[in-house]
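Remarks on the overall topology
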Amino acid sequence: MPLRSILAGCGGYLPERVVTNDELSRTIDTSDEWIRERTGIRQRHFAAKHETAAFMGTAAARVALADAGATAADVDAIILATSTPDQAFPATALRVQAELGVSRGFGFDLSAACAGFIYGLSVADGMIRAGQVRGVLVIGSEVYSRILNWQDRGTCVLFGDGAGAVFLRASSGEDDDRRGVLSTHIHAQGTLGDILYVDGAVGQPDKPGHLVMNGREVFRHAVTRLAEAVEEALAANGLKHGDIDWLVPHQANSRIIQAMGKKLGLPPERVVMTVDRHANTSAASVPLALAEARGDGRIVPGDLVLLEALGGGLTWGSALVRL
Ligand code: COA
């Protein structure tokens, strides 16, 4: 039997502090009504000083390992997707490795903005299929509150902080032959880098960097690219729209999420929605939504789950997983 990646456990972490739209509207020229109508967002979590990408990623990873019945000794690799790392180096993944007490293997950070978790899943799945590793933590962890431009009401109301993680385990067992990561597809178009970006970094003098977005352009590309990604995943597996049990999409905007659910012919209760409470947590949004729907018993073992995301780059992709 060829090797495949079983999604053995998932977990999430959200900062304690909840910030409602009304709270934002006390200091920013916006309103609860505007934010909810355009995006579906009601509130978001903002990190305290100690809640860095490594801190939150470690917390989410611990829950994912416990959910999988695994320990630090089972972890061969840690792939951490983030645009808001603790430091330029060492990689945030290695801060997590140290905190978890993992004493072997390797880890690295991955930069693909909001599609980072799907990219991470794709890389981890490839390594497992190649027999290079047997246990991989894939983490998305973000503190976007540190890179928002508070003078730009068109972007600062859209994002939140948090982390999500999954633990992938190699399997060649016949019992598992229907389970696991069935496919991943990842894409990028660098020529669209100027519609969503951070205008600085540690490598640029005097420019720590803030998020800049052309919302309308991103919206337009999101609808077409994500629809293509969904069709690509189904075609690669010889599946039809009706075969999917759950859509766990990137949580940026409820209108985009609803459009994708409709396209797949899924009733709203089969589309996992957290954007109302989490806002857009970038690379953390998909694993956080997955952890929530697994944790509350909506998604159960055997379910066929389609994950998709799009972010700055432009980057986008999908993963089809049988839990
Ligand atoms: N509160 C109140 N008014 C606001 C506002 C806010 N927070 N932000 C913008 N506005 C105003 C604008 O100033 C503009 O006013 P004007 O018509 O007087 O100039 C008006 O609302 C419309 O702004 P616009 O930016 O054109 O709104 P929109 O309908 O495109 O909605 C988004 C904005 C961001 C909600 C929408 O474009 C979107 O969701 N895009 C996709 C974003 C996304 O998914 N990003 C993440 C990808 S990873």
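As shown above, the structure is provided for reference.
The paragraphs below set out a description of the structure included in this document. Model, not experiment: these values are computed from the prediction.

1. What about the state of the cysteines?
- Enumeration according to the criterion identifies 0 disulfides in this entry.
- Cys-156 forms no disulfide, and the closest cysteine sulfur to it belongs to Cys-114, at a distance of 16 Å.
- In this structure Cys-156 comes out as buried when scored by relative accessible area, which is 0%.

2. Looking at the sheet that holds strand E11 (residues 246-249)
- Taken in spatial order, the 4 strands make up an open sheet running E8-E13-E12-E11, and their pairing is mixed. Both outer strands of the open sheet, strand E8 (180-188) and E11, are each paired with one neighbouring strand and no more. Strand-to-strand, the axes of this sheet are offset by a mean angle of 15 degrees, without reference to chain direction.
- Direction of pairing for strand E12 (residues 304-311) relative to strand E13 (residues 315-322): antiparallel, over a ladder of 8 bridges. Within E13, the position partnered with Glu-308 by the bridge is Ser-318.
- Together, E8, E12 and E13 form the strand contacts of helix H5 (residues 116-129), whose direction differs from that of E8 by roughly 125 degrees.

3. What about the site of the ligand?
- In the vicinity of the ligand, 23 residues are found, and the nearest of them are Thr-30, Arg-38, Arg-153, Gly-215 and Asn-253.
- Within the backbone of Arg-153, a nitrogen or oxygen atom sits 2.8 Å from a nitrogen atom of the ligand.
- Contact distances for the ligand include 2.7 Å between an oxygen atom and a side-chain N or O atom of Asn-253.
- In the complex, the protein chains occlude 72% of the 960 Å² of accessible area that the ligand would expose alone.
- It is helix H7 (residues 215-236) that provides the largest number of residues to the shell around the ligand, a total of 4 residues.
- For the shell around the ligand, the per-class residue count stands at 11 nonpolar, 8 polar and 4 charged.

4. Observations concerning unusual backbone geometry
- In the segment running from Phe-89 into Pro-90, the intervening peptide bond is cis, with an omega of 0 degrees.
- Relative to the helices and strands, Pro-90 resides in the loop between strand E4 (77-81) and helix H4 (92-100).
- Between Gly-313 and the following residue, Leu-314, the backbone shows a cis peptide bond with an omega angle of -10 degrees.
- Structurally, the position occupied by Leu-314 is in the loop between E12 and E13.
- One non-glycine residue with positive phi stands out, namely Ala-113, at about 50 degrees.
- For Ala-113, the position within the fold is in the loop between strand E5 (106-110) and H5.
- According to the relative accessible area criterion, Ala-113 is buried, its value standing at 17%.

5. Re the packing of aromatic side chains
- By the definition in use, this model includes 4 aromatic pairs.
- Ring geometry for Tyr-13 against Phe-55: centres 5.8 Å apart, planes inclined by 80 degrees, an arrangement best described as edge-to-face. Of this pair, Tyr-13 sits in strand E1 (residues 4-13) while Phe-55 sits in helix H3 (residues 53-68), and the two are 42 residues apart along the sequence.
- Accessibility expressed as a relative area gives 36% for Phe-55, which makes it partly exposed.
- Taking 5.8 Å as the distance between ring centres and 80 degrees as the angle between the ring planes, the aromatic pair formed by Phe-46 and Trp-150 counts as edge-to-face. Placement of Phe-46 in strand E3 (residues 43-46) and of Trp-150 in the loop between strand E6 (135-143) and helix H6 (153-156) is noted, with a sequence separation of 104 residues between them.
- Judged by its relative accessible area of 7%, Phe-46 is buried.
- Note on Trp-150: relative accessible area 36%, which makes it partly exposed.

6. Observations concerning the nonpolar core
- By size, the foremost hydrophobic cluster in this structure holds 41 residues, and its most contacted members are Ile-244, Leu-247, Leu-264, Leu-306 and Leu-310.
- The element best represented in this core is H7, accounting for 8 residues.
- Mapping this core onto the domain boundaries places at least three of its residues in each of domain 1 (5-170) and domain 2 (180-322).
- Those residues within four positions of Leu-306 in sequence are excluded, and the remaining contacts are Val-230, Ala-233, Ile-244, Trp-246, Leu-247, Val-248, Leu-264, Ser-318, Ala-319 and Leu-320.
- With 36 residues, the next largest nonpolar core counts Ala-124, Val-136, Val-166 and Ala-291 among its residues.

7. Comments concerning the environment of Ala-66
- Inspection of the secondary structure assignment puts Ala-66 in helix H3.
- According to the relative accessible area criterion, Ala-66 is exposed, its value standing at 58%.
- Separated by 102 residues in the primary sequence, Ala-66 and Leu-168 have C-alpha atoms spaced 13 Å apart.

What counts, and at which threshold
- Residues numbered from 1 in each chain as written.
- Predicted model: local features only at pLDDT ≥ 70, side-chain atom pairs only at ≥ 80, totals over all residues.
- Heavy atoms only, no water.
- Disulfide = S-S within 2.5 Å.
- Buried < 20%, exposed > 50% of the residue type's maximum accessible area, 1.4 Å probe, protein only.
- Pairing = 2+ DSSP bridges.
- Helix = DSSP H or I, 4+ residues; strand = E, 2+ residues; numbered from the N terminus.
- Axes fitted to C-alpha atoms, helices over the stretch in contact; angles between N-to-C directions.
- Contact = heavy atoms within 4.5 Å.
- Near = heavy atom within 4 Å.
- Polar contact = N/O pair within 3.5 Å; in protein donor to acceptor, adjacent residues only side chain to side chain.
- Areas by Shrake-Rupley, 256 points an atom, 1.4 Å probe, with all protein chains shown as cover.
- Nonpolar A, V, L, I, M, F, W, Y, C, P; charged D, E, K, R; others polar.
- Phe/Tyr/Trp six-rings, centres within 6.5 Å; stacked < 30°, edge-to-face > 60°.
- Core = buried A, V, L, I, M, F, W, Y, C linked by side-chain atoms within 4.5 Å.
- Domains from an automatic or database assignment.

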